[in-house]
Amino acid sequence: MNFDENLQIKSFANYKKAYRESVENPEKFWDDVANHFLWKEKWKNTLSWDFKKPEVKWFEGGKLNITENCLDRHLETQPNKDAIIWEPNDPNEESRHITYKQLYLKVCQFANVLKNNGIEKGDRVCIYMPMIPELTVAMLACARIGAIHSIVFAGFSSEAIASRINDAECKMLITANNYYRGRKSIELKDICDEALKNTPSIETVIVYRRTVNPTPMKEGRDKFWFDELQKAYNDNEAEVMDAEDPLFILYTSGSTGKPKGMVHTSGGYLIGTAFTFQNVFQPKKDDIYWCSADIGWITGHSYIVYGPLASGATTVMFEGVPSYPDYNRFWEIIEKYKITQFYTAPTAIRALAKQPIAHVEKHDLSSLKVLGSVGEPINEEAWHWFNDNIGKGNCPIVDTWWQTETGSIMISPLAGVTATRPTFATLPLPGVQPALMDENGKEIEFNNQQAEGRLAIKAPWPAIARTVWGDHERYKNTYFSAYENKYFTGDAAYRDASGNYRITGRVDDVVIVSGHNLGTAPIENAINEHEKIAESAIVGYPHEVKGKSLYAFVILNNDEDASEKLKEEIRKQVAKVIGAIAKPEKIQFVPELPKTRSGKIMRRILRKIAANQTEDLGDISTLENDDIVKKIIDKAILD
Ligand code: PRX
């Protein structure tokens, strides 16, 4: 395959060629890709795999350090290009521009801080920091010396941190004293101190001072970032890593049990994130790319940090939220930095679409070339709003389907190269072989006809997670036991007659009503299409006759529209789009939905409310807005 110098595929014909080659001869295909990167020693075996064990190895025998690919490699060609542009929560605080040279020096120096504090290759380091450049410095410094970073999203509770630290037996915790999020000021160190009561493996805590607030420090254990820097040089020889050495652990919640620490490795993850970043977003040399996710999630790991930096791009980091100081914030940032690629989540798009359009119209968004969506199915209404008002019909929307476990984007349009289609993630990327599975566990072969089924993947791709930290059995059971020789995604999908995929939602969100399988996502899409509706969530609840029936929690654009008549209109709308069987029996208008800090609706709680089991809601500590739960319960329809 002949890529251009940036590894980019530039035409649909070339996409088809690349795809074919990646399936027919994956070793050759990925050799060509991997040859674009900096290796200290070339790999001996491109791929070996066995989904039964399961075991996957890419670029075995290859030696590299991912930070040399993200930093050192760019020092000769573009030392003064901005690697990171940081936009603070408060627009009146100064933004920061950090060039590749500066980032390199910061990472080397902090790598020495880690070493001075006894961290060695293979040690686990927990990072619990807000969206500030030092978070990136800390993670890259770990990677530089071969320590395994485990980033815990700064919105998580002390219990969540403690359980993650203990699961991976982290030796060090890196945090900040305090941070800002919208109007809130959050005492991060206090949360850490609570967690640290139960984390025997932690020897050292490094604290970055984000604010001048007084910071409680424990003698002998806690050290200030700046004090430690004073003792460290800024030259550091990168550790030689095996392609299959772990790079990081990132926890993701399972449908049951405690979070799973997904383990990603150095070589395959680098190749997977850089290749997909280049091809999905098609960045050009002077582009300014912004992904509004948090680095605490996989989207931030892969598409704020590793993918863009390995590609030599300028990546924007934003500390704040879309609503502070007001809903102009995102559009202001796009105008200020002349953002070219803007990658965000449907939940943000829907929240923004609810606001007066004047917020958008006040800003010059003409720099935008590509829009991206990730994390959940994007409904038709949100897709069109994004396309019409933000992209002005000129920017392809890359609806990227992937997971913490996949490490890199799996199904998505390539901007300007392959066609987009509202609500469809469209076609698999080169190297990705999806399969739709029927209810008997058999693959529904593609024969130019539409089909629906569970989504599995037939062969490994470079960035696939290799195991669950400390629990390979769980890795096997969760992902490789549903179907023989296939990775099971946990998602369902629809495939049109041209082979385009639309992800319809988690299989665990499917509700069976009168024997019919109903995906909640399509019903929600149907409801959301109603002009008076902002967002909705459907869950099943036990029903005497039908087994399960549907309960809809609905947010209105305007609360005054709440009426029995509107409920009827909603049912009609669903009947029209999907069928009478999908009509929600109960409809409750709610001011908000309970969401995790990553923007996912916590359906588990809604299911409990709908089932009138509110005495046992389980852990709601990861909710962004836990006060909403009581409000919903108070008005729940329980007869
Ligand atoms: O259900 C799919 C949904 O998010 C799940 C993965 O969540 P997580 O590991 O937190 O990673 C999110 C960011 C990659 C998937 O199983 N999902 C992700 N992207 C999409 C999506 N659903 C529909 N369309 C997408 N583009």
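Computed from a predicted structure; not experimentally measured.

Cut-offs applied
- Residues numbered from 1 in each chain as written.
- Predicted model: local features only at pLDDT ≥ 70, side-chain atom pairs only at ≥ 80, totals over all residues.
- Helix = DSSP H or I, 4+ residues; strand = E, 2+ residues; numbered from the N terminus.
- Rg over C-alpha atoms; globule rule 2.2 N^0.38 Å.
- Buried ≥ 20, exposed ≤ 12 C-beta atoms within 10 Å, placed from the backbone.
- Contact = placed C-beta atoms within 7 Å.
- Pairing = 2+ DSSP bridges.
- Axes fitted to C-alpha atoms, helices over the stretch in contact; angles between N-to-C directions.
- Near = placed C-beta within 6 Å.
- UniProt positions renumbered as here; feature names shortened; annotations may be inferred.
- pLDDT = per-residue confidence, 0-100.
- Expected span 1.5 Å × (residues − 1).

> I'd like to hear about the overall build of the protein chain, residue by residue, with values.
Check the secondary structure of the protein chain and you find 19 helices and 30 strands. Taken over the C-alpha trace, the protein chain has a radius of gyration of 24 Å; the compact-globule value for 639 residues is 26 Å, and the two agree within 12%. Each principal axis of the C-alpha distribution contributes one length, and for the protein chain these read about 70 × 60 × 50 Å. By residue count, 51% of the 639 residues in the protein chain fall in the buried class. Summarising the internal contacts of the protein chain: among those between residues at least 6 apart in sequence, 68% fall at separations of at least 24.

> Explain the sheet that holds strand 22 (residues 451-457) to me, and be specific about the residues and the numbers.
Taken together, four strands build an open sheet; the order of strands is 21-22-24-25 and the sheet is antiparallel. A single partner strand is all that each edge strand has here, and the edge strands are strand 21 (434-437) and strand 25 (501-506). In this sheet, adjacent strand axes meet at a mean angle of 45° when their direction is disregarded. Strand direction decides the pairing type here: strand 21 and strand 22, joined by four bridges, are antiparallel. Note that in strand 22 the partner of Pro434 across the bridge is Ile457.

> A description of the site of the ligand should follow, citing residues and the corresponding values.
Near the ligand you find 20 residues, and of these Pro377, Trp401, Gln403, Thr404 and Ile503 are the closest. Contributions of two or more residues to the shell around the ligand are made by helix 10 (298-310), strand 19 (370-374), strand 20 (397-400), strand 24 (487-495) and strand 25. Among the elements that line the shell around the ligand, the one with the most residues is strand 24, at three residues.

> Any chance you could break down the pairing of strand 19 for me, citing the residues and the numbers?
Counted residue by residue, strand 19 has five buried out of five residues, so it is predominantly covered. By the alternation rule, side chains of strand 19 split into Val370, Gly372 and Val374 and Leu371 and Ser373, which are all buried. Pairing geometry for strand 18 (residues 341-344) and strand 19, over four bridges, is parallel. Within strand 19, the position partnered with Gln341 by the bridge is Val370. Judged from the four bridges that link them, strand 19 and strand 20 form a sheet pairing that is parallel.

> I'd love a proper account of helix 14 (residues 380-390), names of residues and values included.
Restricting attention to buried positions, one finds in helix 14 the residues Glu381, Ala382, Trp383, Phe386 and Ile390. If you follow the buried residues of helix 14, they end up packed against helix 12 (346-353), helix 13 (358-361), strand 19, strand 20 and helix 16 (520-528). One or two positions beyond helix 14, positive phi appears at Lys392, with a value near 50°.

> Hey, could you go over the UniProt feature "domain: Acetyl-coenzyme A synthetase N-terminal" (unreviewed entry) in the protein chain for me, with residue numbers and the actual values?
The residues that UniProt annotates with the feature "domain: Acetyl-coenzyme A synthetase N-terminal" (unreviewed entry) are residues 15-70. The span residues 15-70 carries 43% helix and 25% strand; its end-to-end C-alpha distance comes to 26 Å.

> Tell me what's going on with the confidence of the model for the protein chain, and back it up with residues and numbers.
Counting all residues, the mean pLDDT for the protein chain is 93, and 97% of those residues have values of 70 or more. Both scores are available for the predicted complex, with the pTM at 0.84 and the ipTM at 1.00.

> Go over helix 5 (residues 133-145), please, and point to the residues and values.
Spanning 13 residues, helix 5 covers 19 Å between terminal C-alpha atoms, matching the ideal 18 Å at 1.5 Å per step. Buried residues dominate helix 5, accounting for twelve of its 13 residues. Among the residues trailing helix 5, Gly146 stands out with phi positive, at a value near 85°.

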